[in-house]
Amino acid sequence: MSGERGEKAITNPRDEIGKLPDSELVKKLLIENYGYAPDLVYEIRGRYHKVYAWKPCPLEVKGPDRQGVYFARIESDGIRLSIEGSFLVGPKATKDVVELDDERARRYLTGESVEIGDRELHGWVIVRWRNYFLGSAKAKAGKLINYVPKERRLRLDL
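Residues numbered from 1 in each chain as written. Predicted model: local features only at pLDDT ≥ 70, side-chain atom pairs only at ≥ 80, totals over all residues. Heavy atoms only, no water.

## Describing the sheet that holds strand β4 (residues 78–81)
The four strands are arranged β1-β2-β3-β4 in an open sheet whose pairing can be described as antiparallel. Bordering the open sheet on either side are β1 (41–45) and β4, each of which pairs with just one other strand. Each strand axis lies, on average, 30° off the axis of its neighbour in the sheet, ignoring direction. Pairing between β1 and strand β2 (residues 50–54): five bridges, direction antiparallel. Residue pairing for β2: Ile 44 is matched across the bridge by Val 51. Of the strands in this sheet, β1, β2, β3 (69–75) and β4 are in contact with helix α1 (residues 22–34), which crosses β1 at around 100°. (Pairing = 2+ DSSP bridges. Helix = DSSP H or I, 4+ residues; strand = E, 2+ residues; numbered from the N terminus. Axes fitted to C-alpha atoms, helices over the stretch in contact; angles between N-to-C directions. Contact = heavy atoms within 4.5 Å.)

Structure (structure tokens):
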């Protein structure tokens, strides 16, 4: 497990929306939180501050006005990666990555919050199991608070 100890930045990242270009703000938050930002175009959309990301392409495609994959969400205390966002950032992240064993990963994917034992780790972290990135969670008081959407949770017959 790697991570930054103590509380994250005190400022609210949502207050920066509109003051900086979207791509610049998202890259800044990714570097601060995870130590790495993929070279993508980022756009923050809607009242829930969802971040969409894509690679520029010279091919003109007719279709929906919006492009990109749901990548993250700007929260009041940092940036929370989607499962897809964790796959793009996780392999090169240098901090705030929490590795789960098989049992804790299974419980996490069913929607449970899991103990991590590191009571000093606080804030948004990338959750990894083996070579797979499972999304992001909020580390608080020695636990990972689960943010796996209900429709993407595993349903296990126990």
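Further notes follow.
## Regarding the sheet that holds strand β9 (residues 143–145)
Strand order in the open sheet formed by five strands is β5-β7-β8-β9-β6, and the pairing between neighbours is mixed. What marks the edges here is a single partner per strand, and that holds for β5 (97–100) and β6 (114–115). In terms of strand pairing, strand β8 (residues 132–140) meets β9 through three bridges, oriented antiparallel. Within β9, the position partnered with Lys 140 by the bridge is Lys 143.

## Remarks on the packing of aromatic side chains
Taken as a whole and assessed by the stated rule, the structure comprises five aromatic pairs. With a centroid separation of 6.2 Å and 75° between ring planes, the pair formed by Phe 87 and Phe 133 is classed as edge-to-face. Of the two residues, Phe 87 is situated in helix α2 (residues 83–89) and Phe 133 in strand β8; the sequence distance between them amounts to 46 residues. For Phe 87, a relative accessible area of 41% corresponds to the partly exposed category. The exposure class assigned to Phe 133 is buried, which follows from its relative accessible area of 7%. On the numbers, 5.7 Å between centres and 20° between planes, the contact of Trp 129 with Tyr 132 is stacked. On the basis of relative accessibility, which here comes to 22%, the residue Trp 129 falls in the partly exposed class. Sitting above the plane of the Tyr 52 ring, Arg 45 keeps its charged end 4.1 Å from the centroid. In this arrangement the basic side chain of Lys 50 is found over the ring face of Tyr 70, its NZ or CZ atom lying 5.3 Å from the centre. (Phe/Tyr/Trp six-rings, centres within 6.5 Å; stacked < 30°, edge-to-face > 60°. Buried < 20%, exposed > 50% of the residue type's maximum accessible area, 1.4 Å probe, protein only. Lys NZ or Arg CZ within 6 Å of the ring centre and 35° of its normal.)

## Looking at the nonpolar core
Among the nonpolar cores identified, the biggest contains 22 residues, and Leu 30, Tyr 34 and Phe 71 are the most heavily contacted of them. Counting residues per element, the ones that place at least two in this core are α1, β1, β2, β3, β4 and β7 (123–129). Considering each element in turn, this core owes the most residues, five residues, to α1. Excluding its chain neighbours within four sequence positions, the residues that come into contact with Tyr 34 are Ile 79, Leu 81, Val 89, Ala 93, Thr 94, Lys 95, Asp 96, Trp 124, Val 125 and Ile 126. (Core = buried A, V, L, I, M, F, W, Y, C linked by side-chain atoms within 4.5 Å.)

## Comments concerning the side chain of Ser 136
Within the secondary structure, Ser 136 is located in strand β8. Engagement of the side chain of Ser 136 in a polar contact is seen with the backbone oxygen of Leu 81, the distance being 2.7 Å. What Ser 136 contacts, discounting residues up to four positions off in sequence, is Arg 80, Leu 81, Tyr 108, Val 125, Ile 126, Val 127 and Tyr 147. (Polar contact = N/O pair within 3.5 Å; in protein donor to acceptor, adjacent residues only side chain to side chain.)

## Things to note about the environment of Val 148
Residue position: Val 148 is located in the segment after β9. For Val 148, a relative accessible area of 4% puts it in the buried group. Taking the C-alpha atoms as reference, Val 148 lies 7.0 Å from Leu 109; in sequence the two are 39 residues apart. Apart from the residues lying within four places of it in its own chain, the contact partners of Val 148 are Tyr 108 and Arg 153.

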